[in-house]
Amino acid sequence: MRPGEGLDALMSPRSIAIIGASQEATKIGGRPVDLLRRHGYAGHIYPVNPKAATVQGLKAYASVADIPEAPDLAIIAVDAERASEAVEQCAARGVRSVVVFSSGFAELGEQGRAMQERLRLAARRTGMRVLGPNCLGAVSIAEKSIATFSIVLEHSMPAAGALGIVSQSGNLGSYTMRLASERGVGVSRFITTGNECDIDIADGIAWMARDPATKVILCCLEACRDAGRLIAALEEARDAGKPVIAMKIGTSAAGQAAAASHTGAMAGSDAVFDALFARCGAVRVRSIGELIDLGHAASILLPDRLPKGADIAILTASGGFGVLLADAAQSVGLRLPELGKETQREILELVPFASARNPVDATAQMSSRPDLLAKIMSAVVADERADAVILPLPFSLHLPRLRTIYMDTLRNIRAQFPHRPVILCVDGPEDALTELHALGFPTVESFDGCCATVAALVRLQAVSKHPQEVPAAVERAGPLPAEAFRHELGARRALADAGVPVLVERLVHDADAAARAATEIGYPVVLKIASPDLPHKTEAGGVVMDIGSEVEVRRAYAQMRDRVATRAPHAAIDGVIVAPMAKGVAELILGSRIDPVFGPVVMVGLGGIFAEILQDTAVQMAPVSEAQAMAMLKSLKAFAVLDGARGRPRADLGAAARAVAALSRFAAAHADTVAEIDINPLLLRAEGEGAVALDALLIPHGTQVRH
């Protein structure tokens, strides 16, 4: 079933049954009845309770079969043992959707999983959609459709608005809805998916992407059970112009600890979520505060007032506030260009002692004289060197005189510049903030939060206007020869066939053959032990570098064999690899692993100590194009090292991108047999001179490397 199908009855039901309905409004089975009545749901409410003739003043029914019509939605508020039967009864009655509050299912073990499977099978057999179990339900604000027992609705409903909230965690989702309501941000829909026996997070995103009432989708995500469905839902939202702002929580080190290669340790699932969101046009945030701030701002500025770039102007009546905002802006990647000469001239003519470059410090004169404020603000907002304007107004809206001045000026600014993004760093009375929001001015209380929100809006604009390409799928290839997994020589040969550049090398079995091979290859050379038991050869003394003559080759061969025999006496030895002593200007580590949810992913980082110690890596789902591979390289913190910083030779970045793309295609093609790939290092030569994989490791599924 396509994500989002069949949710209309859940989100816009004409009738709702509550199975397990209670007389007491404080109980889980009583709360939906109370909330539906109290907040004015216009549809039919059918309490189901075999022991009562009425529930909270409404006629009660002994079972769902006794209800005079098949309700669109049934809420299950009975214990887990009876919930499975209740769901099956709803399916038999023709109920179109069910919300299961009950806990005690898959989260408790094997018996619970079996009961949850009954729910899933009932949904699949009949087409009835099931939300939960172990969930906090769903709410549609404008329709007053309430299928939740959340205390957030205890006293009032949130204002109807454009923010849709879909969360796997019930309490996290309801807390998000409460904070949005407290901020005066309107909400359209609220869905919590719980154990996801049927309806999952992708269903919620996709349905909201089609929902006319929803403009921005806030997503609280703990895990992904089906990568294909999540990707399809995120892409549908992006294509519908409905930004998804995602807060992914929960990172696990377990998969990294079990990884057999350097790649496995550094390409963790959390990094894959980052890659997924970037590819599908979602923007990730790290806190509920950021989620609300960005969702609120985006809902106000969409569709045509998002900042087009990262250049901002700051207008303030305080030099200190300007400095604080400038620091906060630069820390999140925003730029403060000097404003145009004409803009500066206008400001200085009005306030000769102002600082007019950016940040603009117009001094207290700005707020003491309304005429000056209007002219200065018009000049700054009109200057298109800035993509957005930040205006701090701490305390101002709490003072009646200043509130009048600023509100009048901002109304005029919006009339003059209807499409220019102006973000206010302000706290104030609720009615003032509500008016500002209606005028099209997002408000964020803190300086840091304001700048972080603007930076996220820039990312949102970028992904909506320039979505990442999705490379063509790669056909799965047949099995690789056993030699590909035995040691680096076979691994490099397999990778070379896929387009990863490698050196000419020889496998030899005695010192004479080593000397001949070195002469044919050309000095200097490297000797490396070839063993399936020694993935990290250096630790066993199995590498000798920069050998310059035949005499040195023979001596190095003998000494290396002796060292390895002493340090790893039980290791199987296939021979010695003779290879050119290659030199370059930089090293990368490349690799791939099979993510348990997203499949093959590819990783690249600066080689040596940088990738692991500094955690400077980029991860993407495989395959990637050369353009995506180049973007991965440019995203590295140490990219300047590759790009010729401080007079260093510029590395062959094109060759590096081709190698990353080739590796990603290989990983995707062989995902059924290859669990991990490690190329460490990929040596980069100077620009135009290419790149070469000096060491490689392929790990098949089900294999642990012996260290």
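Up top is the structure.
Note that the coordinates shown come from a computational prediction; the quantities given were computed from them, not determined experimentally.

About the cut-offs
Residues numbered from 1 in each chain as written. Predicted model: local features only at pLDDT ≥ 70, side-chain atom pairs only at ≥ 80, totals over all residues. Heavy atoms only, no water. Axes fitted to C-alpha atoms, helices over the stretch in contact; angles between N-to-C directions. Helix = DSSP H or I, 4+ residues; strand = E, 2+ residues; numbered from the N terminus. Parallel < 35°, antiparallel > 145°, perpendicular 65-115°, else oblique. Left-handed = near helix turned anticlockwise from the far one by under 90°. Contact = heavy atoms within 4.5 Å. Nonpolar A, V, L, I, M, F, W, Y, C, P; charged D, E, K, R; others polar. Salt bridge = Lys/Arg side-chain N within 4 Å of Asp/Glu carboxyl O. Buried < 20%, exposed > 50% of the residue type's maximum accessible area, 1.4 Å probe, protein only. Polar contact = N/O pair within 3.5 Å; in protein donor to acceptor, adjacent residues only side chain to side chain. Phe/Tyr/Trp six-rings, centres within 6.5 Å; stacked < 30°, edge-to-face > 60°. Core = buried A, V, L, I, M, F, W, Y, C linked by side-chain atoms within 4.5 Å. Disulfide = S-S within 2.5 Å. Pairing = 2+ DSSP bridges. Expected span 1.5 Å × (residues − 1).

Visitor: Go over the packing of helix 12 (residues 319-331) against helix 18 (residues 447-465), please, and point to the residues and values.
Guide: Put simply, helix 12 and helix 18 touch, their axes get as near as 9 Å, and they point 45° apart. Between helix 12 and helix 18, the angle falls in the class oblique. Viewed along their axes, helix 12 and helix 18 form a crossing whose handedness is right-handed. Within the contact between the two elements, helix 12 uses Phe321, Leu324, Leu325, Ala328 and Ala329 and helix 18 uses Phe447, Asp448 and Cys451. Among the residues making up the contact of helix 12 with helix 18, the classes are represented as 7 nonpolar, no polar and 1 charged.

Visitor: So, the pattern of salt bridges: which residues are in play, and what are the values?
Guide: Side-chain pairs of opposite charge can arise whenever the charged atoms involved come near each other. This structure, assessed with the given rule, holds 49 salt bridges. One salt bridge connects Arg118 with Glu88, and the closest N-O pair in it is separated by 2.6 Å. Of the two residues, Arg118 sits in helix 4 (residues 110-126) while Glu88 sits in helix 3 (residues 80-93), which places them 30 residues apart along the sequence. Arg118 sits in the partly exposed class, given a relative accessible area of 36%. Notably, a salt bridge pairs Asp383 with Arg385, separated by 3.4 Å at the nearest N-O pair. By relative accessible area, Asp383 is classed as buried at 4%. Residue classification places Arg385 among the partly exposed positions, given a relative accessible area of 48%.

Visitor: Go over the environment of Thr193, please, and point to the residues and values.
Guide: Looking at the element boundaries, Thr193 is found in the loop between strand 11 (187-192) and helix 6 (201-210). Each C-alpha atom, one on Thr193 and one on Ala313, is 42 Å from the other, the two residues being 120 residues apart in sequence. Setting aside residues up to four positions removed in sequence, Thr193 forms contacts with Leu131, Gly132, Pro133, Cys135, Ser167, Gln168, Ile199, Asp200 and Ile201. A distance of 2.8 Å separates the side chain of Thr193 from the side chain of Glu196, its partner in a polar contact.

Visitor: Give a detailed account of the packing of aromatic side chains, specifying residues and quantitative values.
Guide: Tallied over the entire structure, the rule returns 5 aromatic pairs. Pairing Phe273 with Phe598 gives two aromatic rings, centres 5.0 Å apart and planes at 90°, and the pair type is edge-to-face. Here Phe598 lies in the loop between strand 24 (586-595) and strand 25 (599-606) and Phe273 lies in helix 10 (residues 269-280), a separation of 325 residues in the sequence. Using a relative accessible area of 6% as the deciding quantity, one classes Phe273 as buried.

Visitor: Hey, could you go over the nonpolar core for me, with residue numbers and the actual values?
Guide: Judged by nonpolar contacts, the single largest core of 94 residues is most densely connected at Leu10, Ile205, Leu234 and Leu276. With 8 residues, helix 11 (residues 288-301) is the single largest residue contributor to this core. Residues contacting Leu234, with those up to four places away along its chain left out, are Ile205, Val244, Leu276, Phe277, Cys280 and Ala282. Of all hydrophobic cores here, the second largest spans 41 residues; its members include Leu480, Leu495, Val624 and Ala655.

Visitor: I'd love a proper account of the state of the cysteines, names of residues and values included.
Guide: Summed over the entire model, instances satisfying the criterion amount to 0 disulfides. Cys135 takes part in no disulfide bond, and the closest cysteine sulfur to it belongs to Cys197, at a distance of 9.1 Å. Judged by its relative accessible area of 6%, Cys197 is buried.

Visitor: Explain unusual backbone geometry to me, using residue names and the numbers behind them.
Guide: Cis geometry is found at the peptide bond from Leu302 to Pro303, where omega equals 5°. Positionally, Pro303 belongs in the loop between helix 11 and strand 15 (312-316). With an omega dihedral of 10°, the bond running from Asn680 to Pro681 counts as a cis peptide bond. Take Pro681: it is sitting in strand 27 (residues 674-684). Even without being a glycine, Thr363 presents a positive backbone phi close to 65°. Looking at the secondary structure, you find Thr363 in the loop between strand 16 (360-361) and helix 14 (365-368).

Visitor: Explain the sheet that holds strand 5 (residues 73-76) to me, and be specific about the residues and the numbers.
Guide: Pairing in this open sheet of 5 strands is parallel, and the strands run 2-1-5-6-7 from one edge to the other. Edge positions in the open sheet fall to strand 2 (44-48) and strand 7 (129-131), since each of these has one partner strand only. Direction aside, the axes of adjacent strands within the sheet are offset by 20° on average. Pairing of strand 5 with strand 6 (residues 97-100), which is carried by 4 bridges, proceeds in the parallel orientation. Among the inter-strand pairings, Ala74 is bridged to a residue of strand 6, identified as Val98.

Visitor: With reference to specific residues and values, describe the environment of Arg183.
Guide: Here Arg183 lies in the loop between helix 5 (170-182) and strand 11. Along the chain, Arg183 and Gln168 lie 15 residues apart, while their C-alpha atoms are 23 Å from each other. In contact with Arg183, other than residues within four places in its own chain, are Ile292, Asp293, His296, His437, Thr443 and Val444.

Visitor: Tell me about helix 16 (residues 400-416), and please be specific about residues and values.
Guide: Helix length check: helix 16 (17 residues) gives 24 Å between terminal C-alpha atoms against 24 Å at 1.5 Å per residue, within 8%. Within helix 16, the full set of buried residues consists of Leu402, Ile405, Tyr406, Met407, Thr409, Leu410, Ile413 and Arg414. Buried residues in helix 16 make contact with helix 14, helix 15 (370-382), strand 17 (388-392), strand 18 (422-425) and helix 17 (430-439).

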